[in-house]
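# Tertiary structure, described
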Amino acid sequence: MPTIKNVCVFCGSNHGYDPQFLEQTNALGTYLAHHDHPVVYGGGKEGLMGAIATSTMAAGGQVIGIIPTFLR
């Protein structure tokens, strides 16, 4: 079975209506960091997209942000 090298995530730019969305996003970021899976995401700081980046980095994981030039 191939080894997972990076995990690409696509999340909302807000936290959503259910507090569990943010809770589970943070848990996923922590899990990925603890299992040495770098996160590739949309590069934003807001909402769930920012939350997964923040939680991954807080747990010592690597984050790679990809954002189109026109959105910078």
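Bear in mind the structure is a predicted one, so any value in this text is a computation, not a measurement. (Residues numbered from 1 in each chain as written. Predicted model: local features only at pLDDT ≥ 70, side-chain atom pairs only at ≥ 80, totals over all residues. Heavy atoms only, no water.)

### Points about the side chain of His37
- Within the element layout of this structure, His37 appears in the loop between helix 1 (19-34) and strand 2 (39-41).
- Non-local contacts of His37, meaning those with residues more than four positions away in its chain, are made with Ile4, Lys5, Val7 and Leu32. (Helix = DSSP H or I, 4+ residues; strand = E, 2+ residues; numbered from the N terminus. Contact = heavy atoms within 4.5 Å.)

### Details of helix 2 (residues 47-58)
- For helix 2, spanning 12 residues, the distance from its first C-alpha to its last is 16 Å, which sits close to the expected 16 Å at 1.5 Å a residue.
- Most of helix 2 sits out of view: 9 of its 12 residues are buried.
- Regarding helix 2, the residues found buried are Gly47, Leu48, Met49, Gly50, Ala51, Ile52, Ala53, Ser55 and Thr56.
- The secondary structure elements touched by the buried residues of helix 2 are helix 1, strand 2 and strand 3 (63-65). (Expected span 1.5 Å × (residues − 1). Buried < 20%, exposed > 50% of the residue type's maximum accessible area, 1.4 Å probe, protein only.)

### Structural notes on unusual backbone geometry
- You will see that Asp36, though not glycine, has its phi angle at about 55 degrees, which is positive.
- When you line up the elements, Asp36 lands in the loop between helix 1 and strand 2.

### As for the sheet that holds strand 1 (residues 7-8)
- A sheet is described by the order of its strands in space; here 3 strands give the open sequence 1-2-3, paired in parallel fashion. Two strands lie at the open edges of the sheet, namely strand 1 and strand 3, each paired on one side alone.
- Judged from the 3 bridges that link them, strand 2 and strand 3 form a sheet pairing that is parallel. Looking at strand 3, one finds that Tyr41 is bridged to Gly65. (Pairing = 2+ DSSP bridges.)

### Section: the environment of His15
- If you trace the backbone, His15 turns up in the loop between strand 1 and helix 1.
- Owing to a relative accessible area of 40%, His15 belongs among the partly exposed residues under this scheme.
- In the structure, His15 is positioned 31 residues away from Glu46 in sequence and 8.3 Å away in space, judged by C-alpha atoms.
- Once you skip the residues sitting within four places of it in the chain, His15 turns out to touch Phe21, Leu22, Gly47 and Leu48.

### Digging into the nonpolar core
- Of all hydrophobic cores here, the largest spans 7 residues; its members are Val9, Leu32, Val39, Tyr41, Met49, Ile52 and Ala53.
- Of all the secondary structure elements, the ones that give two or more residues to this core are strand 2 and helix 2.
- Top element by residues in this core is helix 2. It accounts for 3 residues.
- Setting aside chain neighbours within four positions, we find Val39 in contact with Val7, Val9, Leu32, Thr56, Gln62, Val63 and Ile64. (Core = buried A, V, L, I, M, F, W, Y, C linked by side-chain atoms within 4.5 Å.)

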